[in-house]
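# Examination of the molecular architecture
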Amino acid sequence: MTSLLAVVFACSAVVCALTAVLAWRRRANTPAAASLAAYTAGIALWCSAGIVVQLSTNLLVQWVSSIFMYTGVHVTVTGLWCLSRSVADRRWRLRRAVAARLLAASALLVGAVITNPWHGLFFTGIEATTYESARSVQVSRFGLGPLFWIHVAYCYLLLSWGVQRLARAWWRARSVFRAQLSHVLLAACLPLLGNIAVLLLAHSEDQGPPVDYTPLFLVLTGLIDARAIFRHGLLRLVPVARSHVVDAIEDAVLVVDPDGRVVDVNPAAVTLLTRTTPTPAPTAPDAPDAPDAPDAPDAPGVLGVLKEVVGLPVAQVLPAQLGALLDGGAVREHVELGAGVHVDARISVLRDARGRALGHVLVLRDVSELITQRELARQAHQRLSEQLELTRALQERLAEEAVRDALTGLHNRRHLMQVLEAAVAHARRSGEPLSVVLLDVDHFKAVNDTHGHHGGDAVLRAVAAQLQEGCRAQDTLARYGGEEFVLLLPATSAPQAVQRAEQLRRRCAQTLLSLPLLPAAVPSSHRGTSSSGTSISVTFSAGIATFPEHGAHADELLAVADQALYAAKAAGRNRVITAP
């Protein structure tokens, strides 16, 4: 039986040692690997010491082996506690202060085992007992002192704490992660229950030496943990802590409780709100009033340090625009927090399983750059639209100037021909008459000789103004060339055209123009006086042609009107004649 137990202990030691090596090699993947390596290494040491205890008959060797065994016990318990902490909480790290305390407690208890012969507080009543079986086995049989029970309480405290954390993590875990924790939880409970049984039976009266069967349970522990590693990816498939995710995202996240106080905030929120919340950190409500001190220009604001935000009322942390949104339910709005700071604010209500409100989650996305880009794009589009409008206006102006006479502002000959051809085509389709009046300013050469070209230009502008004032909206008036003008009268018969032309002739004849005289045109008797100008009236002669009786095409109408104009000139000028 003893040899069989030794073989079992040896197998347990080998399995746990291999698991420790494999876990240690993967410690870079997850912090749980280092804890698992220490845990299984402690089991291997415990089992190895158990082999010596089972095979050796020397009391001194058994005593030394027990020292290594208790060392393995504490390494195992401490490693299991660290493993449970790191598996249950991925953010957990073994701090130096905690490690120092764990090491000190284990060192004191193992030291008590080593120094027991001098104080007898760990084991009492040590005596050698011989058991007769297939061979005589002599072992140390001892009583249990107070330090032993302190050791048991300490180990069970760590184990219970670890199992409790694993159980809570298992309850909160999901899917594949729950399967991982189930393996670790089962592996932690097996040696705990087995050791309880060993403690209850180790010192009962029997026919053989007392045996610590806890390593037998630890064999199963090593196998279960190995399965969790290699089958369920305990060291590869690791859930990411939600707090790490929240801290890493670029959106600002704030959690507000029902009393309106900030209970959680991520660094992105601190960075964003610092730009828009200049309120200084309030003093503690119970602190005495501090004496007045000059303002510190570089003093941090209320959002300067993360711990200063948690616990503060929302009114002291959030701008008024955001605080007002929390009064309602779920909402999503665009809010401008300050000059150039725009956020997309999303507010969700947190509720428990019964539907009771637990607070609000406020997620802020900084869209200032996007808004700035949109504004720049809008301004660029507006400038482009203005440029296009200006270009269009210039094009229209150029197009209009291309068909206008620069001196009189009337349409030019090119535009007249286009309109006349279109009017003739319309008159041909509609059957309406169309009259063309060709006008020529009387004695225009004499005006130029007496008053100069500036005077002639003034006469042309005056005639154009009088003609334009007498035209209808549907009429077309153009400067045909030199001192000649053409008036196009749609839907106007020859008698009607004569009547209109006579009205315009009388209108022009009644207009007096004051024009300066050229020096050569001033009589010798008036030279040297202040009066060197004169007033003249302007008259014109006109010839009229009407479609269709006088011509079927634009050129024919103009030619017939020109003949009538020459007839008016020959008849003495200042008159209107229609073509026969």
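Quick note: structure is the one above.
Everything in this summary refers to the structure shown in the same document. (Residues numbered from 1 in each chain as written. Predicted model: local features only at pLDDT ≥ 70, side-chain atom pairs only at ≥ 80, totals over all residues. Heavy atoms only, no water.)

## Section: the overall build of the chain
Our working rule: Only DSSP runs of H or I covering at least 4 residues are called helices, and only runs of E covering at least 2 are called strands; the numbering of each starts at the N terminus. Think of it in three bands: residues with accessible area under 20% of the maximum for their type are buried, residues over 50% are exposed, and the middle band is partly exposed, with areas taken using a 1.4 Å probe on protein chains only. The contact criterion used throughout is that any non-hydrogen atoms of two residues lie within 4.5 Å. Exposure was quantified through the Shrake-Rupley algorithm and a 1.4 Å probe, taking into account, for residues, occlusion by the shown protein chains and nothing else.
If you tally the helices and strands in the chain, you get 18 helices and 14 strands. Relative to its full complement of 580 residues, the chain shows a buried share of 41%. In the chain, 63% of the contacts between residues at least 6 apart in sequence involve partners at least 24 apart. Carbon and sulfur atoms make up 60% of the accessible area of the chain, which totals about 31,700 Å².

## Observations concerning empty space enclosed by the protein
The criterion, for reference: Here a cavity denotes a set of grid points, spaced 1 Å apart and computed over the protein atoms alone, in which a 1.4 Å probe fits but from which it cannot get out, and a pocket denotes an open set meeting protein on both sides within 12 Å along at least five of seven lines; residues with an atom within 4 Å of a point are reported as lining. Grid points are joined across faces, edges and corners, and a volume is the space filled by probe spheres set on the points. Three classes are used: nonpolar for Ala, Val, Leu, Ile, Met, Phe, Trp, Tyr, Cys and Pro, charged for Asp, Glu, Lys and Arg, and polar for all others, with Gly counted as polar.
By the definition in use, this model includes three cavities of 30 Å³ or more. Each pocket or cavity is described by its volume, and for the second largest cavity that value is around 40 Å³. For the lining of the second largest cavity, the element with the most residues is helix α16 (residues 444–469), which contributes four residues. For the lining of the second largest cavity, the residue count by class is six nonpolar, two polar and no charged.

## Here we look at helix α15 (residues 413–430)
Which entries qualify depends on this criterion: Each residue after the first adds 1.5 Å to the expected span of a helix.
The end-to-end C-alpha distance of α15 is 25 Å, a good match for the 26 Å that 18 residues give at a rise of 1.5 Å each. For α15, the secondary structure elements touched by its buried residues are β8 (434–441), β9 (476–481), β10 (484–490), β13 (540–547) and α18 (554–570). Backbone geometry just downstream of α15 places G431 in the positive-phi region, at approximately 80°.

## Some thoughts on the pairing of strand β7 (residues 357–366)
Keep this limit in mind: DSSP calls a pair of strands paired once it identifies at least 2 bridges connecting them.
The pairing of strand β3 (residues 252–256) with β7 spans five bridges and is antiparallel. Looking at the pairing, V255 lines up with V361 of β7. Inspection of the sheet shows strand β6 (residues 341–351) paired to β7 by nine bridges, in the antiparallel sense. Across the sheet, the residue bridging to V343 is D366, located in β7. Here β6 hands over to β7 after five residues, with G355 in that stretch at a positive phi of 85°.

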